[in-house]
Amino acid sequence: MKLNLDCIKDVLLFCIDNIDYEEVGGDSWTTKTVNLNMLYDTPETKKYSRKDIMRSVLKLKESHYISVLKCYPENKPYLNSCSIDDITMRGNKFAET
C-alpha cells in the first residue's frame, strides 16, 4: 500500500493550524483537539480519500509527530475515530522542512 505524502503533510499542517489551548475560568485550560471527522470534512484535506487521511494519522502517530489522546479501536491497523491533541517537537521540526 503506497503512502500519500501530500496527504500526510496536509494533515499535519491542518493539525498545527487548528490544535490550540483555551483558558477556562481564568485558572485552567482545555485543549481544542482535531478529530478524524474534522479531517475528513475540511477543505484542506477534502481532496484525499478517507483511507489516505486515516493512514496519514496512523503514520504521523507511529512516527511520533502527533500526540493522540483517544484512539478507537486501539492496536489495530485502522482507525474508526481519534482525537489529536498535540504536535510533538519532532512533528513541528518536520513541518518546517
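The structure we're discussing is the one just above.
Basis of the calculations
Residues numbered from 1 in each chain as written. Predicted model: local features only at pLDDT ≥ 70, side-chain atom pairs only at ≥ 80, totals over all residues. Heavy atoms only, no water. Helix = DSSP H or I, 4+ residues; strand = E, 2+ residues; numbered from the N terminus. Rg over C-alpha atoms; globule rule 2.2 N^0.38 Å. Buried < 20%, exposed > 50% of the residue type's maximum accessible area, 1.4 Å probe, protein only. Areas by Shrake-Rupley, 256 points an atom, 1.4 Å probe, with all protein chains shown as cover. Lys, Arg positive; Asp, Glu negative; His and termini not counted. Charge placed at Lys NZ, Arg CZ, Asp CG, Glu CD.

> Summarise the overall build of the chain; cite the residues concerned and give the values.
Counting secondary structure elements, the chain contains four helices and five strands. Seen in sequence order, the chain has helices and strands lined up from the N terminus as α-β-β-β-α-α-β-β-α. Here the chain has a C-alpha radius of gyration of 13 Å; the compact-globule value for 97 residues is 13 Å, and the two agree. With respect to the three principal axes, the spread of C-alpha positions in the chain is 50 × 30 × 25 Å. The buried share of the chain, reckoned over its 97 residues, is 35%. Total accessible area on the chain stands at roughly 6500 Å², and carbon and sulfur atoms take up 48% of it. A distance of 11 Å separates the average location of the 14 positive side-chain charges in the chain from that of its 15 negative side-chain charges.

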